[in-house]
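# Tertiary structure, described
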Amino acid sequence: MRGLPLLAAWIALAAAHGAAATPTFAHDIAPLVYQSCAPCHHPGGTGPFSLLAYQDVKKHAAQIAMVTRSRYMPPWLPESGYGEFAGELRLSGEQIRQIADWVAAGSPEGPPDEIPAPPQFTEGWQLGQPDLVLEAAGSITAPASGPDIFWNFLFTPSLTTPRFVRAVEIRPGNRRVVHHANLLVDRGGAARKPAPDTRGLPGMDLTIMRSPFDPDGHFLFWKPGALPHIEPDGFAWRLNPGDTLVLNTHLHPSGTAEQVRPSIGLYFTDKPPIRFPLLAQLEHDRAIRIPAGARDFMVSDDFRLPMDVDVLAIYPHAHYLGKLLEAYATLPDGSRKWLIRIPDWNFTWQSVFYYREPLALPKGAVISMRYHYDNSAANIRNPHQPPKLVTNGDQSTDEMGHLWLELLPGGGTDRRLELQEALMRHRLEKYPDDFLANFNLGVLALAHLSASPAVALLETAVRIEPRRPDARDLLGTALARVGRVSEAIEQFRLALGQQPDFTSARLNLANALLGAGKLEEAFQDYRLVLAAAPGDQTVRAAIEASAQRLEAEGKAKEAATLRGELKAIPQR
């Protein structure tokens, strides 16, 4: 009988241990929900319901167990062990089992006074009041149904001096229909020239806004649930007076006609940029031709680094047929360093992923993308049932395969142009008839004072895109430098025929006419240039240089006439 008290004690101890091992909301589940679910599931957040209170979590307990067990939630695409990223939302296997055990036990609350305080979320601007808020000039209407819509909202900050931007917060204007958005900086005002609508312009092709001398260097990206990214010290980007910000939005019809009017908050710093990253793109879109029923169609691209770089962030992009997305670097010694691996791609949860620490890659390393697509009926995300042939295109029901990387060239100086040139040469190897590669390489050749190669590249660019006045203007510049002045004059005039207010082409035409000895024609165009840009000191300096050129040629009278034109136009 003496063993009975001992047995009773053991049973009581085991029961107490079992009770303690049962997860409770207060001790076990609240910390997980607050960290991994609440950032979207709070009042005003992107989640369809709030998960800040015990009763709310209990109400959805079975659903939470199901979506975490399948790893549908929290939405975190990268596979563990293939890159270490900031802000990971991934739950461990033990945490998922803990949620399942809690639900199986009836979702006990635990001691209410021991529930941790729920996180606080800012209802307004996530980073506090911006230094400058920009509102879209007007709203556009997303129709109830039909194809995806791509609209570029234009914003022109009222700046009198250059400012350095450390963060951007994008408010899309309507989270129900804006799938994602990218912000670009247009330095030359190209976006406004084809846009009679003050709100912006449609389309996805924004190459006319991208200068090879000022390439994109930062991910200025928004998607539902994304937090604004704050640039570290030294990584701010410059915004000049007159620059246009272009918000490229991808809109999904929602079933009802809805208005979209975004706004942008800019946060400035007095610390100028001293580090200059570049956004590098790998892709092979022209290889995307996925037969109906194909279960594993692969698209690949490989780029050899011309210098040491640090990889700061990565943005993979595909549409609904994407399945396995991989990116890695093969080092010069043959070893592999993983950049990212996504075993179950989901278009809805695409994002920019920032590395916890910069990922160093040496010169000569080969960056590779390997994207696998599933166009079979077994793919539950396939928008075509039955499956059909899918090719590259902008619509979500088309396909894409892009890998964007934010790369910081080594060496401590601004080496973006060197890296940009290597990327364009890589693009030209894939697509000899690509406008962007020929155009950018032609511009860079001109900058290197290599006029003959520039002529060949820009002639190809103009043949591919004959309606681009900027390409014709630069081709004319290259032709003039190799002495083909009459051909240069023809290109400048063709550019002006396409865009009569193109000041650069008008000035270049005047200079070419001057060089050809057609003084009266040249003076006429100089007058037009001065009338269009009376206070532009760069233009006035160029005209003064032309006057000095005339003097050097012994044409003092003509030089005096040209200077008279300068004086006649006030610098208002």
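Notes on the structure in this doc start here. Given the structure is predicted, the values throughout are model-derived calculations rather than measurements.

### Remarks on the overall build of the protein
The helix and strand inventory of the protein stands at 14 helices and 21 strands. Expressed along its principal axes, the backbone C-alpha trace of the protein runs to roughly 130 × 50 × 50 Å. Expressed as a percentage of the 572 residues in the protein, the buried residues total 48%. Considering only contacts within the protein whose residues lie at least 6 apart along the sequence, 76% involve residues at least 24 apart. In the structure as shown, the protein presents an accessible area of about 26800 Å², 54% of it carried by carbon and sulfur atoms.

### Thoughts on unusual backbone geometry
Of note, the amide linkage connecting Met-73 to Pro-74 takes the cis form, showing an omega dihedral of -10°. Following Gln-385, the chain continues into Pro-386 via a peptide bond in cis, with omega recorded as 5°. You can see Pro-386 is positioned in the loop between β19 (366-373) and β20 (390-391). In this model, Arg-71 sits at a positive phi of 65°, which is unusual for a non-glycine residue. Looking at where Arg-71 falls in the secondary structure, it is placed in the loop between α4 (61-69) and α5 (93-104). Although it is not a glycine, Ser-107 adopts a positive phi angle of roughly 60°. By the secondary structure assignment, Ser-107 is in the loop between α5 and β1 (132-135).

### A short note on the side chain of Thr-269
Along the chain, Thr-269 turns up in strand β11 (residues 263-269). A relative accessible area of 16% means that Thr-269 is categorised as buried. Among the polar contacts listed, one links the side chain of Thr-269 to the backbone nitrogen of Lys-271, at a separation of 3.1 Å. When near neighbours in sequence (up to four residues on either side) are disregarded, Thr-269 contacts Phe-164, Arg-166 and Ala-236.

### Quick look at the pairing of strand β21 (residues 401-409)
Judged by how many residues are buried, β21 sits mostly within the fold: 9 of 9 residues are covered. Neither face of β21 is open: one carries Gly-401, Leu-403, Leu-405, Leu-407 and Pro-409, the other His-402, Trp-404, Glu-406 and Leu-408, and all of them are buried. Note that strand β15 (residues 309-318) and β21 share 9 bridges and pair antiparallel. If you follow Ala-318 over to β21, its bridge partner there is Gly-401.

So, how was this worked out
- Residues numbered from 1 in each chain as written.
- Predicted model: local features only at pLDDT ≥ 70, side-chain atom pairs only at ≥ 80, totals over all residues.
- Heavy atoms only, no water.
- Helix = DSSP H or I, 4+ residues; strand = E, 2+ residues; numbered from the N terminus.
- Buried < 20%, exposed > 50% of the residue type's maximum accessible area, 1.4 Å probe, protein only.
- Contact = heavy atoms within 4.5 Å.
- Areas by Shrake-Rupley, 256 points an atom, 1.4 Å probe, with all protein chains shown as cover.
- Polar contact = N/O pair within 3.5 Å; in protein donor to acceptor, adjacent residues only side chain to side chain.
- Pairing = 2+ DSSP bridges.

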